[in-house]
Amino acid sequence: MSNQTLKLWTGIGVATLLASSGAIADQHGDQHHDEMTTSGSQGGEGGEHHGGEGGEHHGGEKGAMHGGEKGEHHGGEGGEAHGGEGGEAHGGEGGEAHGGEAGAAFSYFATGGEGGEGGEGGEGGEGGSSVSAVKSDGAYVAMLQMMQGHLMAARELIKSGDVAEGRPHLTHPWVEVYPMADAGLESRGQEELGNHLKVLAEKAGQVENWGDISQAFQAAWVDIEKAAKAVEGQSPSSVSKVVLSLTKQAVLEYDEALEDGRFVAEHEYQDGRGFVLAARDYLQDHQGMLKKQNKEAWREAGKVLDELQKAWPTAVPPEQPAIPVANLYAAQARLELALAPYLY
């Protein structure tokens, strides 16, 4: 990561400090791998790239864990197959696929981290370490929304005829997000979702058109919606943190997709687009409670999200970035400031 980007993330922390007593800056290394991982985890959505078009995912049915209980699987029908058609995946959302731990994008839910969830998420810290889908309803919902973001990317691409581009995104909820969400699903009696996500991943490589996958897609989508709606006690604060988690991940994806000012990792760009679309839908779905508490904050957050979304004008990356990555980090900082009245 460039010094400029590091300064921008530091700026986010300073900006939040002005709005509250909490600091949000994450410590980033020179590479995106470091941003996306937590201590003991390896990977990141668009994280571990050992070659191949979309990078590589060392995982299978429950994401791989280097030395973890579930073992390691290189390839497979629905998992990433080192460039295989339906199984590309490249790490995990915020560093979760290698060991199932949540990473930087979930730091809003960590104790003492961004937004300071007051005990949700275990040990916490600014890097998102030990954020738990069992202990934190907010992190759990954010994981579910990230699943939907991946599926939104898949649906848009496949329906538009970019089937080969869309197939890998059908595997991402299972191989990237599920490993860190499964304990939360089990603790809340939502285990059936895992079966539907697995089916999607296994069928991904055989998809030739939307009709081939629409039924399995809908079954998974309905279960994600059901799991999210079953979470009680949603508040303007928790909704804002979910939105920020999604957009932060989107910005990291956008950054990782770029090299020398051009998009070289299309799947990361597409994941980012899906996360922003999911964030917008989630914000819209909860506009009632947000407007009731602070209508002006709601209005301002919508404006900033509109600006941020312009970075992803199309499902397939444009020749040149629509917005410089530095501006995108700045927009994320402004979004957090816009949502600050709900957070503190």
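Source: prediction; values computed, not measured.

(A) Examining the overall build of the chain more closely. For the chain, the helix and strand inventory stands at eleven helices and two strands. Secondary structure elements of the chain, listed N to C terminal, follow the sequence α-α-α-α-α-α-α-β-β-α-α-α-α. Expressed as a percentage of contacts within the chain between residues at least 6 apart in sequence, the contacts between residues at least 24 apart total 70%. Entry remark: accessible area of the chain is about 12900 Å², with carbon and sulfur atoms responsible for 47%.

(B) Structural detail: the confidence of the model for the chain. The share of residues in the chain with pLDDT of 70 or more is 65%, and the mean pLDDT across the chain is 75. Confidence drops under pLDDT 50 across residues 1-99; counting only partners more than four residues distant or on other chains, this segment forms 273 contacts.

(C) Structural context of the nonpolar core. Counting residues in hydrophobic clusters, the biggest one holds 83 residues, and the most contacted among them are Phe106, Leu144, Leu170, Tyr254 and Trp312. Among the secondary structure elements, those contributing two or more residues to this core are helix 3 (137-159), helix 4 (163-187), helix 5 (192-203), helix 6 (214-229), helix 7 (236-257), helix 8 (266-285), helix 10 (295-309) and helix 11 (325-343). No other element matches the twelve residues that helix 3 contributes to this core. If near-sequence neighbours (up to four positions away) are discounted, Leu170 is found in contact with Leu151, Ala154, Ile158, Leu200, Ala201, Ala204, Val207, Ile213 and Phe217.

(D) Structural context of the pattern of salt bridges. Taken as a whole and judged by the stated rule, the model has seven salt bridges. Between Asp137 and Arg188 there is a salt bridge whose closest N-O contact spans 2.7 Å. Residue Asp137 is found in helix 3, and its partner Arg188 is found in the loop between helix 4 and helix 5; the two are separated by 51 residues along the sequence. A relative accessible area of 28% places Asp137 in the partly exposed class. Residue Arg188 is classed as partly exposed on the basis of its relative accessible area of 23%. Taking the shortest distance from any N to any O, the salt bridge between Arg299 and Glu296 comes out at 2.7 Å. A residue pair is termed a helical-turn pair when its members lie 3 or 4 positions apart in one helix, as Arg299 and Glu296 do in helix 10 at three residues. Accessibility expressed as a relative area gives 39% for Arg299, which makes it partly exposed.

(E) Focus on the packing of helix 3 against helix 4. Interaxial distance between helix 3 and helix 4 falls to 8 Å at its minimum, and their mutual angle equals 170 degrees. In this view, helix 3 runs roughly antiparallel relative to helix 4, as classed from their interaxial angle. A per-class count over the contact of helix 3 with helix 4 returns 18 nonpolar, five polar and three charged.

(F) Spotlight on helix 8. When the terminal C-alpha atoms of helix 8 are compared, their 29 Å separation across 20 residues agrees well with the 28 Å that a helix rising 1.5 Å per residue should span. Counting buried positions along helix 8 yields 14 of 20 residues, so the element is predominantly enclosed.

(G) Region of interest: helix 6. The terminal C-alpha atoms of helix 6 lie 22 Å apart, and with 16 residues this matches the ideal 22 Å at 1.5 Å per residue to within 8%. Turning to helix 6, its buried residues are Ala216, Phe217, Ala220, Trp221, Asp223, Ile224, Ala227 and Ala228. Viewed end-on, helix 6 has its buried residues packed into an arc of 165 degrees, placing them on one side of the element. Exposed residues on helix 6 whose side chains face more than 90 degrees from its buried face are Gln215, Lys226 and Lys229. Against the buried residues of helix 6 lie helix 3, helix 4 and helix 5.

(H) A look at the packing of aromatic side chains. Here the structure, examined in full by the defined rule, presents seven aromatic pairs. Ring geometry for Trp174 against Tyr178: centres 4.7 Å apart, planes inclined by 25 degrees, an arrangement best described as stacked. Of the two residues, Trp174 and Tyr178 are both situated in helix 4; the distance of four residues between them amounts to about one turn of the helix. Ring pairing ties together the aromatic residues Tyr254, Phe263, Tyr269 and Trp312, which thus form one cluster. Its guanidinium or amino end placed over the ring of Trp221, Arg155 lies 4.9 Å from that ring's centre, counting from NZ or CZ. Just above the ring of Tyr140 sits the side chain of Arg188; from NZ or CZ to the centre is 3.9 Å.

Cut-offs applied
The numbers attached to residues start from 1 for each chain and follow its sequence in the written order. Totals for whole chains, interfaces and linings use all residues, but because this is a predicted model, local features are given only for residues with pLDDT of at least 70 and pairs of side-chain atoms are given and counted only at 80 or more. To obtain the side-chain values, all non-hydrogen atoms of the structure were included, while hydrogens and water were left out. The secondary structure listing takes helices from DSSP runs of H or I that are at least 4 residues long and strands from runs of E that are at least 2 residues long, numbered from the N terminus. Here, two residues are considered to be in contact whenever any of their heavy atoms come within 4.5 Å of each other. Each accessible area is a Shrake-Rupley result for a 1.4 Å probe, and residues are judged covered by the shown protein chains and nothing else. Scored between 0 and 100, pLDDT is the confidence that the predictor attaches to each residue. Nonpolar core, defined: a set of buried Ala, Val, Leu, Ile, Met, Phe, Trp, Tyr and Cys residues in which side-chain atoms within 4.5 Å join the residues together. A 1.4 Å probe rolled over the protein chains alone gives each residue an accessible area, and that area as a share of the maximum for its type sets the label: buried under 20%, exposed over 50%, partly exposed in between. The rule for a salt bridge is simple: a side-chain nitrogen of Lys or Arg has to be within 4 Å of a carboxyl oxygen of Asp or Glu. An axis is simply a line fitted to the C-alpha atoms; with a helix, the fit covers only the stretch in contact. Between two such axes, the angle follows the N-to-C directions and lies from 0 to 180 degrees. Orientation labels follow simple angle bins: below 35 degrees gives roughly parallel, above 145 gives roughly antiparallel, 65 to 115 gives roughly perpendicular, and whatever is left gives oblique. Charged residues are taken to be Asp, Glu, Lys and Arg, nonpolar residues to be Ala, Val, Leu, Ile, Met, Phe, Trp, Tyr, Cys and Pro, and polar residues to be all remaining types, Gly included. Multiplying 1.5 Å by the helix residue count minus one yields the expected span of that helix. Working definition: the arc comes from the directions between the helix axis and the C-beta atoms, pointing outward to the latter. Side-chain rings of Phe, Tyr and Trp (the six-membered ring for Trp) are treated as a pair once their centres are within 6.5 Å; stacked means planes under 30 degrees apart, edge-to-face means over 60, and tilted covers the remaining angles. In our convention, an over-ring charge means Lys NZ or Arg CZ found within 6 Å of a ring centre and within 35 degrees of that ring's normal.

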